[in-house]
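# Observations on the model geometry
What follows is the residue order along each chain.
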Amino acid sequence: MTRGSFRVLIVALLALAIFLGWRAWDGWQKSYDPQTVVAASLQGLQEQNVLVPFTARYVAVVTSTQNRLGLEAKKTLIMPGTVRYEVDLAKLKPADLDWNAATNALTVTLPPLRLAGPEVDIDAISEYRDGLILLTLTDAEQALDAANRKAAQAELIKQARGDTPMRLAENAARAAIEQSFAMPLKAAGIDAKVTARFKR
């Protein structure tokens, strides 16, 4: 190989190295584009399907009464149960994400919280009854039990939908979602403010 040919080869290799370096830098830049990171974070959340940011235990105390044959029977049921507060991540769509490039701010609009349960703690149930004669001679006890179970479950859900537990659950959900988007952005070197909110 002549000296001139060797120089041409060196120049060609150098040009190739510069070109490959530019392509790698361009790919690195694109891979850390904020919207690309946000889209990847969204896909990861959707794959989780359901987020359970908060659970709470409640106790329902209900009483039912039956009057028959001039007699009265009464049963009181004390029923503990656990309710889960969930966010259906499958409902989170790209349209729910608003990236503001001017302020490096991401707003995530979440679907409403849904309640799952109550999961009744059967071993912790307590019952008190009054009116043994009517309970023994008729089917009043079965009727009272059915009424109490229905009323107790409704009472547990009513407690779960109270202002305080709903606020705590929403705060926990927002914090979890904000962290899920903020951490990948931070890892990519993007200083962004992430705000999650619920659809109303």
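Residues numbered from 1 in each chain as written. Predicted model: local features only at pLDDT ≥ 70, side-chain atom pairs only at ≥ 80, totals over all residues. Heavy atoms only, no water.

Here we take up the pairing of strand 2 (residues 71-88). Bridge count between strand 1 (residues 50-68) and strand 2: 17 bridges; the pairing is antiparallel. Bridged to phenylalanine 54 within strand 2 is tyrosine 85. Counting the residues that bridge the hairpin from strand 1 to strand 2 gives two residues, and of these leucine 69 lies at a positive phi of roughly 55°. The pairing of strand 2 with strand 6 (residues 126-130) spans five bridges and is antiparallel. Across the sheet, residue isoleucine 78 finds its bridge partner in strand 6, namely serine 126. Relative to strand 5 (residues 114-120), strand 2 runs antiparallel, the two being bridged by five bridges. The residue of strand 5 that forms the bridge with tyrosine 85 is leucine 115. (Pairing = 2+ DSSP bridges. Helix = DSSP H or I, 4+ residues; strand = E, 2+ residues; numbered from the N terminus.)

Turning next to the side chain of aspartate 96. Position of aspartate 96 among the secondary structure elements: in the loop between strand 2 and strand 3 (97-100). The contacts of aspartate 96, once residues within four sequence positions are left out, are Lys91, Thr107, Val108, Thr109 and Lys199. (Contact = heavy atoms within 4.5 Å.)

When the charged atoms of two side chains with opposite charge come close together, those side chains can pair. In the structure shown here, the tally under the stated rule is twelve salt bridges. One salt bridge in this structure joins arginine 84 and glutamate 86, with 3.1 Å as the shortest N-O distance. Residue classification places glutamate 86 among the buried positions, given a relative accessible area of 8%. Close ionic contact of aspartate 88 with arginine 114 constitutes a salt bridge, the shortest N to O distance being 3.5 Å. Of the two residues, aspartate 88 sits in strand 2 while arginine 114 sits in strand 5, which places them 26 residues apart along the sequence. When its relative accessible area of 34% is taken as the criterion, arginine 114 is described as partly exposed. Linked through salt bridges whose partners overlap, the residues forming this network are Lys75, Glu127, Arg129, Glu141 and Asp145. (Salt bridge = Lys/Arg side-chain N within 4 Å of Asp/Glu carboxyl O. Buried < 20%, exposed > 50% of the residue type's maximum accessible area, 1.4 Å probe, protein only.)

Here the focus is the sheet that holds strand 3. Across the sheet, which stays open at both edges, the three strands sit in the order 3-4-7 with mixed pairing between neighbours. Where the open sheet ends on each side, the last strands, each with one partner, are strand 3 and strand 7 (193-198). Averaged over neighbouring strand pairs, the angle between their axes works out to 15° when direction is ignored. Sheet topology places strand 3 next to strand 4 (residues 105-110); four bridges connect them, and they run antiparallel. Counted as the bridge partner of leucine 97 is valine 108 from strand 4. Running at roughly 150° to strand 7, helix 5 (residues 163-187) makes contact with strand 3, strand 4 and strand 7 of the sheet. (Axes fitted to C-alpha atoms, helices over the stretch in contact; angles between N-to-C directions.)

The subject of this paragraph is the nonpolar core. Ranked by internal contacts, the top residues of the largest apolar core, which has 38 residues, are Tyr85, Leu106, Val108, Leu113, Ile177, Phe181 and Leu185. Listed by contribution, the elements that provide at least two residues to this core are helix 2 (34-48), strand 1, strand 2, strand 3, strand 4, helix 4 (140-160), helix 5 and strand 7. Tallying contributions element by element places helix 5 first for this core, with six residues. Among the nonpolar cores identified, the runner-up in size contains five residues, and Ala73, Leu134, Leu135 and Ala140 belong to it. (Core = buried A, V, L, I, M, F, W, Y, C linked by side-chain atoms within 4.5 Å.)

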